[in-house]
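Here's the letter readout for the chains.
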Amino acid sequence: MSTIALPNATTSIERPSSTPIRAHPALAGMAADPVHKKIFCNPHNHSFQFLSESATVTSVDTSTNFRLPRNIVPTKYAIRIRPDFETFRFTGYELVNIRIDESSSSIVLNATELEIDFAKVDQEGTTHDCRIELDSELERVTLSFEGTLEPGHAVLEITFQGSLNDQLSGFYRSKFTDENGNTHYIATTQFEATDARKAFPCFDEPDLKAVFAIELDTPSDYLAVSNAPDIGTTDLGGGYKRVAFADTIPMSTYLVAFVIGPLEASPPHMSGDTPIRIISKPGQSHLHQFALKAAAHALEFFTDWFSIPYPGSKLDLIAIPDFAFGAMENLGAVTFRETLLLVDPERSSSSELERVVDVISHEIAHMWFGDLVTMKWWNGLWLNEAFATFMELLATDHFNPEWNRWVSFGLSKGAAFGTDGLHNTRPIEFTVVKPSDAEGMFDVLTYEKGASVLRMLERYLGPDTFRSGITRYLNSHRFANAETTDLWTALEEASDQPIAQTMVDWVFQGGYPIVHVSSNDSEITISQKPFSYLSDLARAGINEEESQIGTIWNVPLSVRVGTQLHKFLLGSEPITLPLQNPHDLVIANIGGWGFFRVSYDKELSGRLLANFSQLADLEKFNLASDLWAQTLSLMVGVDHFFELIEAVKDEEDPNLWELISSALHLIDLAASSEKQEAVAKRCNNSLLPILDKLGFEARPDEQEGLARLRATVIEALGTIGHDNETIAECKDLFVKEMSAESDIDPNIVSAVLAVVAANGDEADFAFILDKYRHPSTPQEENRYLMALTKFEHPELIKKVLKMTLGEIRSQNGPFVIASLLSGRTSGVLTWNFLTENWDALLERFPDNTIPRMLSGVAALISDESYSLEGKIRTFFESHPIPTGEKSLKQTLEKYAIYLTFRKRLLETIR
Ligand SMILES: [Zn+2]
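Residues numbered from 1 in each chain as written. Predicted model: local features only at pLDDT ≥ 70, side-chain atom pairs only at ≥ 80, totals over all residues. Heavy atoms only, no water.

Undergrad: Any chance you could break down the overall build of the protein chain for me, citing the residues and the numbers?
TA: Check the secondary structure of the protein chain and you find 25 helices and 30 strands. Relative to the 2.2 N^0.38 estimate, which gives 29 Å for 910 residues, the radius of gyration of the protein chain is 28 Å and therefore close to what a compact globule would have. On the principal axes, the C-alpha backbone points of the protein chain span a range of 85 × 65 × 55 Å. Expressed as a percentage of the 910 residues in the protein chain, the buried residues total 63%. Measuring between centres, the 77 positive side-chain charges of the protein chain sit 2 Å from its 127 negative side-chain charges. (Helix = DSSP H or I, 4+ residues; strand = E, 2+ residues; numbered from the N terminus. Rg over C-alpha atoms; globule rule 2.2 N^0.38 Å. Buried < 20%, exposed > 50% of the residue type's maximum accessible area, 1.4 Å probe, protein only. Lys, Arg positive; Asp, Glu negative; His and termini not counted. Charge placed at Lys NZ, Arg CZ, Asp CG, Glu CD.)

Below you can see the structure in the form of structure tokens.
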């Protein structure tokens, strides 16, 4: 899956993280339709073919009750589903080929929120009618019968029904309104991690792979899509048709998909033998071309990189108006948020286009990493997600090298550093007993830290060796499952190096080190210690033994001393290197690919700042990022950070300035009203010269990065710096847009809107609201929605808050609230709204987005009385959240860090 990062979704210093899908209140017992019980008789290729006997199933610990017994396993499902678009119920029928390894008089599989009407099992002509026992806590159904199934094969037959829910998980409905104001529905699925069991009874564990043959009964004029190609349509009469799909490869249940609705598909674009289509609601075909291009690029890139053919037989990319995550890698039928797929390159910023290419590449990488080779159990989720993220970066970098994707990944890595420097962090991989434990894994530690650690390993081994290890791994486990140790084995075979021993520190313990470099006239000394933002553990709400930050790491380090290059593994003992010349420049973490921070003594650090232009982009970025982290954790005073800003004033890397402007934003938020002017002055001193150089208008031949830099600088000057000229210029551009005289450059439009809103009135609000309601692209809808969260007038803030309970889609509401929580004026108002409407918000928003919504709480630091902290902690003690308890603890620890920083800042800033 891809996590969600709406532009400007939060002003916290990090990109928001994600957690997964919501468990829904049981729907069993709701009024039922007549069940569709016709016996399954497939005119096409759904004859039962057993998987080859070599398909093995690993023995697992089933003693916890959270794992299904392994005596009976599925080999093939034939499933027919019929959603009803009047009642929003669905009926289903399935035949499951099972293999019996030990004789048994019962079958246990997963099901929840389903009513099972009938079940029987047939072995060699003997039929057993089943008693049906549902266990809602374990989300299981036990089918027991008189007599015994003997080792061999049998066919299980089940009829069932359920409801199309509004929770954006399982089999759910998504709604849209066409241009004539008519409402339409799409019935669609989102199964990862464990929600396939909400749509059909199944063996819902990732290593229980099987072939799927799916049939969908749909209204005659609707489009039906599933994982495999459509192989035939039968008219059922009464305005319905049956669409049959070919058999899939053996795959995990969480990758099954069906999407049915009044949808439109692009003509197929052939990439080799694979047809690629973009599917969306009607009237959006002009937004398909860029996605097609990005998908074709990714498919070709990965086929070549892995040297393994694409495992599906067609590839559909489908935009769903209501979608809780960013995208989902269902084999051959990838689902997306509209904004991450449908895009008009002429009306989008380069960041928006980059994000679309990222997400498309990420999902297509999963077709190999995740779909072809799958983790054995949810503890290995990081293997899927970290790799898809790593591969996404490789592919996007190849798609458009000018985006400097590995440098902008510095910002995402910063988000992982931000969470992983908390005592409430966790290791990348940890034991998962209940499947719901895995729900906390969809976060920056799995995605961004995971990908950073892989990048560190790739750079350490060299790209060719790394690639050959990965290909070896995929080939050894194709159509099957694997775990982390299998990856190390493959990489060890390819590299002849002790990978497992090095990687264990990074994957199985939380946190990361800060490497300290000090010098005298003749040598430098390098040592490590664990990094943390907060030295006072009580402020993190935990005691010392509970801190999840590790103690020591095998650090793959490369250091340049003058012209000498040194590469070694740094362990617990400090390492000393000779200094040829006492004035030599010393850079640790060359290239900037290591997942650790570096601090230098005053002498070395001064030398680096004086020679800043000699560093590589990522080295520059890391130096700033590491210094800001030390500032936030009170290891150095804020003056050091201001010195850095002064030293880098000629730099043009947009990532560097995005980091600096986020830091300035936090400093501004933390400063009391009388200190704000001092912050504004520092902001303007550094940024005005850059804007003077860049101007408001893009030059025709300029590098793409400069457009991003311009946007960052405009927003900071207009909001933190309150610079009158910048505000006036933004208003002027906005007035021209209002009078339809000219459009604002897509690259700066979000920044201009943020500045206008922060200084705006009711008329500006009304215009932005109207644009949000009538957008020309999904990106435009997002931009105007987020601009609505930047107004400072209390009545306007209240209007937006009210919209989160109704008008704003539940997939976006949590981000709107997170953004409002981070505003100086809107923060406390929003906190009050949140506590007053807690139950309604929890009911309305998907579970996985609640931690994202609460991430904004960390920014509630501008309350001058300090009275809020106690109230916030008390509130969450009595209001637990359904999933993402760990994320909430992390948010509260960040809050404590920001408050501690604020206290120090107010004492020191002049
Ligand atoms: Zn993913």
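Undergrad: Any details on the side chain of His362? Residues and values, ideally.
TA: One can find His362 in helix α2 (residues 350–366). Owing to a relative accessible area of 1%, His362 belongs among the buried residues under this scheme. Leave out the neighbours within four places in its chain, and His362 touches Met1, Ser2, Glu385, Ala388, Thr389, Glu392 and Tyr447. (Contact = heavy atoms within 4.5 Å.)

Undergrad: Residues and numbers for the sheet that holds strand β29 (residues 586–588), please.
TA: With antiparallel pairing, three strands are arranged side by side in an open sheet as β27-β26-β29. Since the sheet does not close on itself, it has two edges, and those belong to β27 (564–570) and β29, each with one partner. In this sheet, neighbouring strand axes are inclined to one another by 20° on average, regardless of whether the strands run parallel or antiparallel. Where strand β26 (residues 555–561) and β29 come together, three bridges link them in antiparallel fashion. In the strand pairing of β29, Val561 is matched with Val586. (Pairing = 2+ DSSP bridges. Axes fitted to C-alpha atoms, helices over the stretch in contact; angles between N-to-C directions.)

Undergrad: Summarise the coordination of the zinc ion; cite the residues concerned and give the values.
TA: Around the zinc ion, the donor atoms from the protein are Met1 (N), Met1 (O), His362 (NE2), His366 (NE2) and Glu385 (OE), and they sit 1.9 to 2.4 Å away. Each donor residue of the zinc ion belongs to the same chain, with the gaps between them written as M-x360-H-x3-H-x18-E. Of this pair, Met1 sits in the segment before β1 (72–83) while Glu385 sits in helix α3 (residues 381–399), and the two are 384 residues apart along the sequence. With relative accessibility at 0%, the residue Glu385 sits in the buried group. (Donors = N, O, S within 2.8 Å, 3.2 Å for Na, K, Ca; no water.)

Undergrad: How would you explain the packing of helix α17 (residues 762–773) against helix α19 (residues 794–803) if you had to name every residue and give the values?
TA: It is at 11 Å that the axes of α17 and α19 come closest, and there the two elements cross at 20°. Here α17 is positioned roughly parallel relative to α19, judged by the angle of their axes. Between α17 and α19 lies a crossing whose hand is right-handed. Two secondary-structure elements touch here, α17 through Glu762, Phe765, Leu769 and Tyr772 and α19 through Leu796, Lys799, Val800 and Met803. Of the residues in the contact of α17 with α19, the class split is six nonpolar, no polar and two charged. (Parallel < 35°, antiparallel > 145°, perpendicular 65-115°, else oblique. Left-handed = near helix turned anticlockwise from the far one by under 90°. Nonpolar A, V, L, I, M, F, W, Y, C, P; charged D, E, K, R; others polar.)

Undergrad: Give me unusual backbone geometry: which residues, what numbers.
TA: The step from Glu192 to Ala193 runs through a cis peptide bond, and the omega angle for that step is 5°. You will see that Glu124, though not glycine, has its phi angle at about 45°, which is positive. Relative to the elements of secondary structure, Glu124 occurs in the loop between β4 (115–123) and β5 (126–129). With a relative accessible area of 76%, Glu124 lands in the exposed category. The residue Leu634 is not glycine, and still its phi comes out positive at about 65°. Exposure remark for Leu634: the relative accessible area of 25% places this residue in the partly exposed category.

Undergrad: Talk me through the domain arrangement of the protein chain; I want residue IDs and the actual numbers.
TA: Reports often express the size of an interface as the amount of accessible area lost when the parts come together. Domain annotation of the protein chain identifies domain 1 (513–646) and domain 2 (652–759). Counting residues at the interface gives 13 residues for domain 1 and twelve residues for domain 2. In this structure, the connection of domain 1 to domain 2 is made through zero salt bridges. In this assembly, domain 1 and domain 2 are joined by zero residue pairs in polar contact (both at pLDDT 80 or more). Among the elements of the structure, α10 (617–632) and α11 (638–647) are those that each provide at least two residues to the side of domain 1 that touches domain 2. Broken down by element, the residue count for the side of domain 1 that touches domain 2 peaks at seven residues, all from α10. Along the lines of polarity and charge, the residues of the side of domain 1 that touches domain 2 split into nine nonpolar, one polar and three charged. (Domains from an automatic or database assignment. Salt bridge = Lys/Arg side-chain N within 4 Å of Asp/Glu carboxyl O. Polar contact = N/O pair within 3.5 Å; in protein donor to acceptor, adjacent residues only side chain to side chain.)

Undergrad: How would you sum up helix α6 (residues 463–477)? Please name residues and give values.
TA: For α6, built from 15 residues, the straight-helix expectation of 21 Å at 1.5 Å per residue is met to within 8% by its first-to-last C-alpha distance of 21 Å. Here α6 has its buried residues at Phe466, Gly469, Ile470, Thr471, Tyr473, Leu474 and His477. On its buried side, α6 packs onto α1 (289–306), β22 (373–375), α3, α5 (444–461), β23 (480–482) and α7 (484–495). (Expected span 1.5 Å × (residues − 1).)

Undergrad: Can you lay out the packing of aromatic side chains for me, pointing to particular residues and giving the numbers?
TA: Within the structure shown, the criterion is met by 42 aromatic pairs. Summarising the aromatic geometry, the rings of Phe390 and Trp406 are spaced 5.7 Å apart at their centres and angled 55° between planes, so their arrangement reads as tilted. Within this pair, whereas Phe390 is found in helix α3, its partner Trp406 is found in helix α4 (residues 405–420), the two being separated by 16 residues in sequence. Each member of the pair, Phe390 as well as Trp406, carries the same accessibility label: buried. An aromatic cluster is present here, built from Tyr77, Phe90, Phe171, Phe191, Phe200, Phe212 and Phe258 joined pairwise through their rings. In this structure, Arg173 is placed above the aromatic ring of Phe88, and the distance from its NZ or CZ to the ring centre is 4.4 Å. (Phe/Tyr/Trp six-rings, centres within 6.5 Å; stacked < 30°, edge-to-face > 60°. Lys NZ or Arg CZ within 6 Å of the ring centre and 35° of its normal.)

Undergrad: Quick one: what's the story with the environment of Ala757, residue by residue and with numbers?
TA: Within the secondary structure, Ala757 sits in helix α16 (residues 749–758). Take Ala757: its relative accessible area is 0%, and that puts it in the buried class. Between the C-alpha atom of Ala757 and that of Val334, which follows or precedes it by 423 residues, the distance is 36 Å. If sequence neighbours within four positions are ignored, Ala757 has contacts with Ala787, Lys790, Phe791 and Glu792.

Undergrad: Kindly report on the environment of Gly421, identifying the contributing residues and their values.
TA: Here Gly421 shows up in the loop between α4 and α5. Overall, Gly421 belongs to the buried group, its relative accessible area being 0%. Separated by 263 residues in the primary sequence, Gly421 and Ile158 place their C-alpha atoms 50 Å from one another.

Undergrad: Give a description of the pairing of strand β2 (residues 89–100) that names residues and reports values.
TA: Within β2, twelve of the twelve residues are buried, leaving the element largely enclosed by the surrounding structure. By the alternation rule, side chains of β2 split into Arg89, Thr91, Tyr93, Leu95, Asn97 and Arg99 and Phe90, Gly92, Glu94, Val96, Ile98 and Ile100, which are all buried. Hairpin connection of β1 to β2: five residues between the antiparallel strands, including Phe88 at a positive phi of 60°. Examined bridge by bridge, β2 and strand β8 (residues 152–163) share twelve bridges and lie antiparallel to one another. In the sheet register, Thr91 faces β8, and the bridge partner there is Gln161.

Undergrad: Could you give an account of a negative patch on the surface, with specific residues and numbers?
TA: Negative charge collects at one region of the surface, where Asp692, Glu697, Glu725 and Glu729 lie side by side. With respect to the secondary-structure elements, Asp692 resides in helix α13 (residues 676–694). Under the relative-accessibility criterion, Asp692 is labelled exposed at 65%. (Patch = residues over 30% accessible without salt bridge, like charges linked within 9 Å, V, L, I, M, F, W, Y side chains within 5 Å. Areas by Shrake-Rupley, 256 points an atom, 1.4 Å probe, with all protein chains shown as cover.)

Undergrad: Go over the pattern of salt bridges, please, and point to the residues and values.
TA: The full count for this structure, using the stated rule, is 44 salt bridges. Of the charged contacts in the structure, one is a salt bridge between Glu338 and Lys281, with a shortest N-O distance of 3.3 Å. With Glu338 in the loop between β21 (333–337) and α2 and Lys281 in the loop between β18 (274–280) and α1, this residue pair connects regions lying 57 residues apart in the sequence. We note that Glu338, like Lys281, is buried. For Glu869, the salt bridge identified is with Arg873, shortest N-O distance 3.6 Å. On the criterion of helical spacing, the pair formed by Glu869 and Arg873 is a turn pair, its members being four residues apart in helix α24 (residues 868–878). Relative accessible area serves as the criterion here: at 16%, Glu869 is assigned to the buried category.

Undergrad: Describe the environment of Val343, and please don't skip the residues or the numbers.
TA: As for its position among the elements, Val343 is in the loop between β21 and α2. Among the residues examined, Val343 registers a relative accessible area of 0% and is labelled buried. For Val343 and Ala291, which are 52 residues apart along the polypeptide, the C-alpha to C-alpha distance reads 7.3 Å. Those residues within four positions of Val343 in sequence are excluded, and the remaining contacts are Leu287, Phe290, Ser348, Leu353, Val356 and Gln779.

Undergrad: So what about the confidence of the model for the protein chain? Which residues, and what values?
TA: Within the protein chain, residue pLDDT values average 91, and 93% of them lie at 70 or more. Under a pLDDT of 50 for its full length, residues 6–58 has, in the predicted model, 181 contacts with residues more than four places off or in other chains. (pLDDT = per-residue confidence, 0-100.)

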